[in-house]
Amino acid sequence: MSKRKVLISGGAGFIGSHLCDYYIQRECKVWCIDNLCTGSTENIQHLLNLHNFKFIQQDIVSFNIDTFQEKFDMVFHLASPASPPDYFRLPVETLKTNSLGTEKMLEITRRCGAKFLFSSTSEVYGDPLISPQSETYWGNVNPVGPRSVYDEGKRYGESLVMAYHRKYNTDTRIIRIFNTYGERMRIEDGRVIPNFISQILTGKPLTVYGDGKQTRSFCYIEDIIRGIVSMIDTTYHLPVNLGSTYEFTVIQLTEIIQKITGVKATIDFLPPLEDDPKQRRPDISKAKELLNWEPSISLEDGLKRTFLFFRSRIGIGKGEK
Ligand code: UDP
């Protein structure tokens with residue numbers, strides 16, 4: 001059937017590699033570009049020898065697009081550190097990937113007349129003063145705080161995408177991804193679910209930052225991929241939230257993790273992170289209306305699958321050492 005050609009930046013990352021799988025399974029030609037600053041070839045190992053998969057290990061920021069003449073039907077810009085410890089460690093890189101990197105991906109798109117999707121984030125809402133957050137909320141971001149490299153980087157990225165759409169009529173889309181989890185997150189990713197699962201698996205206390213009353217809504221990877229691929233088929237150019245609407249405190253998450261794993265853990269309360277959003281829950285009416293999309297996997301089911309993945313990874317690691 002289709003031999004559509006797809007370019008995915010960040011294709012060796014957590015979400016990107018699942019997106020590569022999706023299009024490979026649908027007989028597309030997939031080009032993955034990733035500098036592996038947070039991604040890993042392990043995530044795309046099974047694709048590397050396929051004739052319709054091409055991996056370019058390269059930073060999109062320094063990528064020479066003038067000598068890159070491939071034509072694509074769809075371009076997905078997912079490259080960026082996304083875990084707070086990663087973007088704290090890679091602040092300038094995060095800003096550059098979302099600004100200069102976004103511009104390069106948009107230029108490739110414009111040259112081919114392709115469809116473009118930018119993966120933005122719930123972090124554009126900062127520490128929100130309203131809940132749930134709908135796309136019409138402009139957010140509450142500290143522009144000079146440690147999270148600003150990600151928040152403002154994505155806000156600039158969104159602005160640039162809209163500028164290309166308005167000025168050049170580029171066929172763009174923007175999704176705002178809320179907390180997502182699942183297979184292929186790194187054990188050392190630093191986000192709350194990988195941290196809690198690896199702490200459970202290694203018999204360590206669960207680390208809770210602050211009082212644990214802050215909330216998040218966690219969406220399983222399969223649901224997010226379904227949302228991303230439906231979005232590319234629309235002609236809607238303004239941002240669309242993708243995420244789960246079931247909101248939990250971090251303390252509740254410690255309880256759920258203990259329940260599904262059957263392991264009793266102690267809790268280590270650590271100092272709060274600077275500017276850590278106190279609440280986060282998406283209003284997904286737009287995604288429901290536009291894409292007929294809503295998450296279908298419960299947190300318990302998704303966590304069970306993620307736990308099995310981490311257990312096999314930690315098991316393998318121990319055996320090798
Ligand atoms: N968090 C925590 N312990 C951890 C990691 C994270 O209590 O070991 C908290 C963090 O402070 C935040 C929430 O869990 O309030 C979600 O953090 P995560 O890093 O997963 O994603 P964020 O939504 O902050 O980008």
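Since the structure is predicted, the reported quantities are computational estimates derived from the model, not experimental observations.

As a further point, take the pairing of strand β11 (residues 239–242). In β11, alternate side chains face the same way, and those of P239 and N241 on one face and V240 and L242 on the other are all buried. Pairing of strand β6 (residues 171–177) with β11, which is carried by four bridges, proceeds in the parallel orientation. By the bridge assignment, I177 is partnered in β11 with L242.

The next subject is the sheet that holds strand β3 (residues 53–57). With parallel pairing, seven strands are arranged side by side in an open sheet as β3-β2-β1-β4-β5-β6-β11. Two strands close off the open sheet at either side, each with one partner strand: β3 and β11. Going from strand to strand, the sheet's axes swing by 20° on average, the running direction of each strand aside. The pairing of strand β5 (residues 115–121) with β6 spans seven bridges and is classified as parallel. Within β6, the position partnered with K115 by the bridge is D171. Together, β1 (5–9), β4 (74–77), β5 and β6 form the strand contacts of helix α3 (residues 91–112), whose direction differs from that of β4 by roughly 180°. Along the sheet face, helix α6 (residues 221–232) touches β4, β5, β6 and β11 and points at about 160° away from the line of β6.

Look at helix α5 (residues 192–201) against helix α7 (residues 250–261): their axes get within 11 Å of each other, and the N-to-C directions meet at 45°. The pairing of α5 with α7 is recorded here as oblique in orientation. In terms of crossing hand, the pair formed by α5 and α7 is right-handed. Between α5 and α7, the residues in contact are V192, I193, F196, I197 and I200 and V250, L253, T254, I257, Q258 and T261, respectively. Taken together, the residues that form the contact of α5 with α7 break down as eight nonpolar, three polar and no charged.

In terms of burial, α5 is a largely internal element, eight of the ten residues being buried. Taken residue by residue, α5 has I193, P194, N195, F196, I197, S198, Q199 and I200 as its buried positions. The first or second residue beyond α5 is G203, which carries a positive phi of 70°.

Under the criterion given, the structure shown has 24 salt bridges. Two residues, K5 and E70, come together in a salt bridge whose shortest N-O distance is 2.4 Å. One end of the pair, K5, is in strand β1; the other, E70, is in the loop between β3 and β4, with 65 residues separating them in the sequence. Its relative accessible area of 16% is what places K5 among the buried residues. Measuring nitrogen to oxygen at the nearest pair gives 3.7 Å for the salt bridge that ties R313 to E42. Linking R313 in helix α9 (residues 299–320) with E42 in the loop between β2 (29–34) and β3, this pair joins segments that are 271 residues apart in sequence. Classification of R313 by relative accessible area gives partly exposed; the value is 24%.

Taken together, 17 residues sit near the ligand, with V192, T207, R216, D276 and R280 positioned nearest. D276 places a side-chain nitrogen or oxygen 2.5 Å from an oxygen atom of the ligand. Relative to its free-state accessible area of 510 Å², the ligand is covered by the protein chains to the extent of 97%. Of all elements in the fold, only α5 and β8 (206–209) reach the threshold of two or more residues within the shell around the ligand. No other element matches β8, which puts three residues into the shell around the ligand. Residue composition of the shell around the ligand, by class: six nonpolar, five polar and six charged.

A separate point is the nonpolar core. The biggest cluster of nonpolar side chains holds 57 residues, and the ones touching the most others in it are I15, L19, Y23, V30, F76, I228 and L303. Looking at which element gives the most residues to this core, the answer is α6, with seven residues. Excluding anything up to four places from it in sequence, I15 contacts L78, I177, T180, I221, I224, I225 and I228. In terms of nonpolar packing, the next biggest core, distinct from the first, is built from 23 residues, I65, F72, A79 and L160 among them.

Definitions and cut-offs
Residues numbered from 1 in each chain as written. Predicted model: local features only at pLDDT ≥ 70, side-chain atom pairs only at ≥ 80, totals over all residues. Heavy atoms only, no water. Buried < 20%, exposed > 50% of the residue type's maximum accessible area, 1.4 Å probe, protein only. Helix = DSSP H or I, 4+ residues; strand = E, 2+ residues; numbered from the N terminus. Pairing = 2+ DSSP bridges. Axes fitted to C-alpha atoms, helices over the stretch in contact; angles between N-to-C directions. Contact = heavy atoms within 4.5 Å. Parallel < 35°, antiparallel > 145°, perpendicular 65-115°, else oblique. Left-handed = near helix turned anticlockwise from the far one by under 90°. Nonpolar A, V, L, I, M, F, W, Y, C, P; charged D, E, K, R; others polar. Salt bridge = Lys/Arg side-chain N within 4 Å of Asp/Glu carboxyl O. Near = heavy atom within 4 Å. Polar contact = N/O pair within 3.5 Å; in protein donor to acceptor, adjacent residues only side chain to side chain. Areas by Shrake-Rupley, 256 points an atom, 1.4 Å probe, with all protein chains shown as cover. Core = buried A, V, L, I, M, F, W, Y, C linked by side-chain atoms within 4.5 Å.

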